[in-house]
Amino acid sequence: MNATWERARDIVVGVDPVRDWRLPVAWAADEAHRRRLPLRLVLAVPPQHDTQHVDDTPRQIALRSSGADRLRQAESWVRDRHAEVTVSTDLLAGSPARVLAAQSRHTRLVVLGSRHLGRAAEFFSAGSTTVPVTAQAACPVAVVGDAEHVTQQPPYLVVGIDGSTAATDALAFAFDEADRRGADLRVVCVWQPALFMLNDEEVALKAQRFLLSEATAGVAGNHPDVHVTHEALTGHPVEELARAAEHALALVVGRRGRGGYTGMRLGSVSHGLLHRAHCPVITVPTR
């Protein structure tokens, strides 16, 4: 049975009220065009400060006014880029992370920009959205901190797998995305040697190659036009996947693991790639 997000009918992109929004909005607009789906531009106005004897209403009015202006600007920009894409805007109250995580329950894909914060800053910055939304979203999340590498020929996407259910869902998403874009797909698994190995490297890599073959066998038949390569690599998963995707259109990974606070469900590899990869990173939740 399909996940709820697979039946949703629009793409949501978070519009930053302060920083440049063009890169994630362009990526989202192109994706909406490819999928023939409506695009919704969402800007969240943070709640009032908890102040004593100070009326925060003027500040809230100013934030809503500037937010509405930015949404109109982004909407006009999208219409110029793709006149046939249906565009709408939502100016919502609340912290951006909470608002966008809530929106994910009713959308096909959430698209975010990235401030390229370090890991600690991403966790503790009051304005951070990337990690919390990616961890909690009910649908796939694309974090667009760098442009996709469209000059690479042939164009390709990378998907990382490890035999988990999360990786299986990421693989299905990656095949669909590669098919839609007319791109190749590099399916990568990474073996990280333990400090004390019981098996030699060749045995381990043989097992990884078997995993790659088994994982793709059931999906590739549904996408006969996608050229697929299998790569079993040795090293740290974050570094190797980021290196494999250095010239990719996007890197697709599954969401798994449990992070540092209640409600956080983001594996260390997925988290690391949000900061390390130099292409859009799409994180897919388990259905």
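Residues numbered from 1 in each chain as written. Predicted model: local features only at pLDDT ≥ 70, side-chain atom pairs only at ≥ 80, totals over all residues. Heavy atoms only, no water.

Engineer: Explain helix H7 (residues 201-220) to me, and be specific about the residues and the numbers.
Structural biologist: With 20 residues, H7 extends 28 Å from end C-alpha to end C-alpha; this agrees with the ideal 28 Å at 1.5 Å per step. The complete set of buried residues in H7 reads Ala 204, Leu 205, Gln 208, Leu 212, Thr 216 and Val 219. Down the axis, H7 shows its buried residues gathered within 95 degrees of arc, on one side only. In H7, the exposed positions angled more than 90 degrees off the buried face are occupied by Lys 206, Phe 210, Ala 217 and Gly 218. Where H7 is buried, its residues contact helix H6 (165-181), strand E7 (184-191) and strand E8 (228-234). (Helix = DSSP H or I, 4+ residues; strand = E, 2+ residues; numbered from the N terminus. Expected span 1.5 Å × (residues − 1). Buried < 20%, exposed > 50% of the residue type's maximum accessible area, 1.4 Å probe, protein only. Arc of directions from axis to C-beta. Contact = heavy atoms within 4.5 Å.)

Engineer: Give a description of the confidence of the model for the chain that names residues and reports values.
Structural biologist: Within the chain, residue pLDDT values average 86, and 86% of them lie at 70 or more. Scored below 50 in pLDDT, residues 258-264 makes 14 contacts in the model with residues more than four places away or belonging to other chains. (pLDDT = per-residue confidence, 0-100.)

Engineer: Which residues make up the packing of helix H1 (residues 22-35) against H6, and what values go with them?
Structural biologist: Viewed as axis vectors pointing N to C, H1 and H6 meet at an angle of 80 degrees, and their least axial separation amounts to 10 Å. As far as their axial angle goes, H6 and H1 are roughly perpendicular. Along the contact surface, H1 presents Trp 27, Glu 31, Arg 34 and Arg 35, while H6 presents Phe 173, Glu 177, Arg 180 and Arg 181. Residues of the contact of H1 with H6, tallied by class, amount to two nonpolar, no polar and six charged. (Axes fitted to C-alpha atoms, helices over the stretch in contact; angles between N-to-C directions. Parallel < 35°, antiparallel > 145°, perpendicular 65-115°, else oblique. Nonpolar A, V, L, I, M, F, W, Y, C, P; charged D, E, K, R; others polar.)

Engineer: Give a detailed account of helix H3 (residues 96-103), specifying residues and quantitative values.
Structural biologist: Because each turn of an α-helix spans 3.6 residues, side chains separated by three or four positions in sequence point in the same direction. Among all positions in H3, only Ala 97, Val 99, Leu 100, Ala 101 and Gln 103 are buried. Check the buried side of H3 and you find it contacts strand E1 (11-14), strand E2 (39-45), strand E3 (87-93), strand E4 (109-113) and helix H5 (130-136).

Engineer: Just give me the short version of the packing of aromatic side chains, but keep the residues and values in it.
Structural biologist: The final tally for this structure, using the stated rule, is two aromatic pairs. Ring geometry for Trp 21 versus Trp 77: centroids 5.4 Å apart, planes at 85 degrees, classification edge-to-face. Linking Trp 21 in the loop between E1 and H1 with Trp 77 in helix H2 (residues 57-81), this pair joins segments that are 56 residues apart in sequence. (Phe/Tyr/Trp six-rings, centres within 6.5 Å; stacked < 30°, edge-to-face > 60°.)

Engineer: Tell me what's going on with the sheet that holds strand E10 (residues 281-284), and back it up with residues and numbers.
Structural biologist: Across a sheet, strands are paired by hydrogen bonds formed along the backbone, either parallel or antiparallel in direction. Taken together, 10 strands build an open sheet; the order of strands is E3-E2-E1-E4-E5-E10-E9-E6-E7-E8 and the sheet is mixed. Of all strands in the sheet, those with a lone pairing partner are E3 and E8, marking the two edges. Sheet twist, expressed as the mean angle between neighbouring strand axes with direction ignored, is 25 degrees. As paired elements, strand E5 (residues 141-144) and E10 share three bridges and run antiparallel to each other. Paired with Val 141 across the strands is Thr 283, a residue of E10. Against the sheet, H6 contacts strand E6 (156-160), E7, E8, strand E9 (251-254) and E10, and its axis sits at roughly 175 degrees relative to E6. (Pairing = 2+ DSSP bridges.)

Engineer: Before we move on, can you summarise the pairing of E4 with the specific residues and values?
Structural biologist: With four of five residues buried, E4 lies mostly within the body of the structure. With three bridges connecting them, E1 and E4 associate as parallel partners. Note on E4: the bridge partner recorded for Val 12 is Val 110.

Engineer: So what's going on with unusual backbone geometry? Which residues, and what values?
Structural biologist: Of note, the bond from Gln 153 into Pro 154 is cis; its omega dihedral lies within 30 degrees of zero at -5 degrees. Within the secondary structure layout, Pro 154 lies in the loop between E5 and E6. Of note, the phi angle at Arg 36 is positive, near 55 degrees, even though the residue is not glycine. Take Arg 36: it is sitting in the loop between H1 and E2.

Engineer: Let's hear about the nonpolar core: which residues, and what values?
Structural biologist: Among the nonpolar cores identified, the biggest contains 77 residues, and Leu 39, Leu 41, Val 111, Val 159, Leu 185 and Val 252 are the most heavily contacted of them. The element best represented in this core is H6, accounting for seven residues. Discounting residues that sit within four places of it in the chain, Leu 41 has contacts with Val 13, Val 15, Val 25, Leu 71, Ala 74, Glu 75, Val 78, Val 87, Ser 88, Thr 89 and Asp 90. (Core = buried A, V, L, I, M, F, W, Y, C linked by side-chain atoms within 4.5 Å.)

Engineer: Just give me the short version of the pairing of E10, but keep the residues and values in it.
Structural biologist: In the case of a regular strand, side chains alternate between the two sheet surfaces. Residues of E10 alternate between two faces, with Val 281 and Thr 283 on one and Ile 282 and Val 284 on the opposite face, all of them buried. Where E9 lies against E10, four bridges are found, and the strand directions are parallel. Counterpart to Gly 254 in the pairing with E10 is Val 284.

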